Amino acid sequence: MSRKSLLTNRASLTHKIGYALRHPDRITPYVRRTARDTWLRLKHPGHVAYYRAVMASDTGRNPEAAVGSRSHERWLALGEMQFDYLAEHGLKPSHRMLDIGCGNLRAGWRFIAYLDTGNYYGIDISPDILISAKQTLTTYELQDKLPHLTITQDLKLDFLPSAHFDVVHAHSVFSHSPLDVIDECLAHVGRILAPGGFFDFTFDRTEGAEHQVLREDFYYRTETLLQLARKHGLEARFMDDWETRKHGQSKIRVNNPQ
């Protein structure tokens, strides 16, 4: 990701005009998305209810596109990237994993296949995408692995046991979350982490002004999220080796100090 890209404010009028001039074919879809999102924000003022409605709309058209994959090949590649990274960082079949924002199991089906039976827990705010997740389970014939797929209203994680998960994972979740939602998650994730466990999350990084686009895409400075984690007594560090992957987001790892 270039320095210029990290400084770009995608919410600014200058950026929007420049982008439209470079990509005239995307003007009509953007206008449609803006109109839809404006209506959904009026109908659902709270962020979770709003984004759940966004996911329902997107999933109805294409579940794989709803989780950010423009093609089935890209859906497979992004899932493989997530799995390979955690496998390289010590993920074992015996580990218990919580996948926050599991979506339609883009990466989840690989984790489920790899982990011991019953060790995968996936949560999401969207009932529509979880229905698609069950279809993915059937497609890859993973029913016998007994994964847990649960809808959630928030990220307090209060229905989960303490010191239980070796790995907690949130891919492309905080990139769609306002700061209070991220703060809520970081305030509670330490309780459910097992000794020696870690929490990996990706985010859209900026080195300029923090901003959001259509209340769907949020851009944060690295230090903002590191400080937020530390406020809750967690150790946090930027994962430089993730930057070598062909993915537009960055990654932070959080540990519960021993």
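Check the entry above for the structure.
All values reported here derive from a predicted model rather than from experimental measurement.

### Examining the overall build of the protein chain
Moving on, step 1. For the protein chain, the count of helices and strands is ten helices and nine strands.
Moving on, step 2. Over its C-alpha trace the protein chain gives a radius of gyration of 18 Å, about what one expects of a compact globule, namely 18 Å for 258 residues.
Moving on, step 3. Expressed as lengths along the three principal axes of its C-alpha atoms, the size of the protein chain is roughly 50 × 40 × 35 Å.
Moving on, step 4. For the protein chain, the computed accessible surface area is about 12,400 Å², with 54% contributed by carbon and sulfur atoms.
Moving on, step 5. Averaging the positions of the 33 positive and the 31 negative side-chain charges in the protein chain gives two centres separated by 5 Å.

### Regarding a nonpolar patch on the surface
Moving on, step 1. On the surface, Ile27, Tyr30 and Val31 cluster together into a nonpolar patch covering about 250 Å² of accessible area.
Moving on, step 2. With respect to the element layout, Ile27 can be found in helix α3 (residues 27-43).

### Describing the packing of helix α9 (residues 179-192) against helix α10 (residues 222-231)
Moving on, step 1. Put simply, α9 and α10 touch, their axes get as near as 9 Å, and they point 40 degrees apart. The orientation of α9 relative to α10 falls into the category oblique. Between α9 and α10 the crossing geometry is right-handed. Taken together, the residues of α10 that come into contact with α9 (itself represented by Leu179, Ile182, Asp183 and Leu186) are Thr224, Leu225, Leu228, Ala229 and Lys231.
Moving on, step 2. Class assignment for the residues of the contact of α9 with α10 results in six nonpolar, one polar and two charged.

### Topic: the environment of Leu179
Moving on, step 1. Along the chain, the position of Leu179 falls in helix α9.
Moving on, step 2. Accessibility expressed as a relative area gives 34% for Leu179, which makes it partly exposed.
Moving on, step 3. In this view, Leu179 contacts Tyr220, Thr224, Leu225 and Leu228; residues no more than four positions away in its chain are not counted.

### Some thoughts on the side chain of Thr206
Moving on, step 1. Note that Thr206 resides in the loop between β5 (193-205) and β6 (211-213).
Moving on, step 2. Using a relative accessible area of 1% as the deciding quantity, one classes Thr206 as buried.
Moving on, step 3. A polar contact of 3.0 Å, which involves the side chain of Thr206, links it to the backbone nitrogen of Gly208.
Moving on, step 4. Residue contacts for Thr206: discarding those within four places in its chain leaves Leu6, Thr8, His211, Tyr219, Tyr220, Arg221 and Thr222.

Thresholds, definitions, all that
Residues numbered from 1 in each chain as written. Predicted model: local features only at pLDDT ≥ 70, side-chain atom pairs only at ≥ 80, totals over all residues. Heavy atoms only, no water. Helix = DSSP H or I, 4+ residues; strand = E, 2+ residues; numbered from the N terminus. Rg over C-alpha atoms; globule rule 2.2 N^0.38 Å. Areas by Shrake-Rupley, 256 points an atom, 1.4 Å probe, with all protein chains shown as cover. Lys, Arg positive; Asp, Glu negative; His and termini not counted. Charge placed at Lys NZ, Arg CZ, Asp CG, Glu CD. Patch = residues over 30% accessible without salt bridge, like charges linked within 9 Å, V, L, I, M, F, W, Y side chains within 5 Å. Salt bridge = Lys/Arg side-chain N within 4 Å of Asp/Glu carboxyl O. Axes fitted to C-alpha atoms, helices over the stretch in contact; angles between N-to-C directions. Parallel < 35°, antiparallel > 145°, perpendicular 65-115°, else oblique. Left-handed = near helix turned anticlockwise from the far one by under 90°. Contact = heavy atoms within 4.5 Å. Nonpolar A, V, L, I, M, F, W, Y, C, P; charged D, E, K, R; others polar. Buried < 20%, exposed > 50% of the residue type's maximum accessible area, 1.4 Å probe, protein only. Polar contact = N/O pair within 3.5 Å; in protein donor to acceptor, adjacent residues only side chain to side chain.

By themselves these figures say nothing about function.
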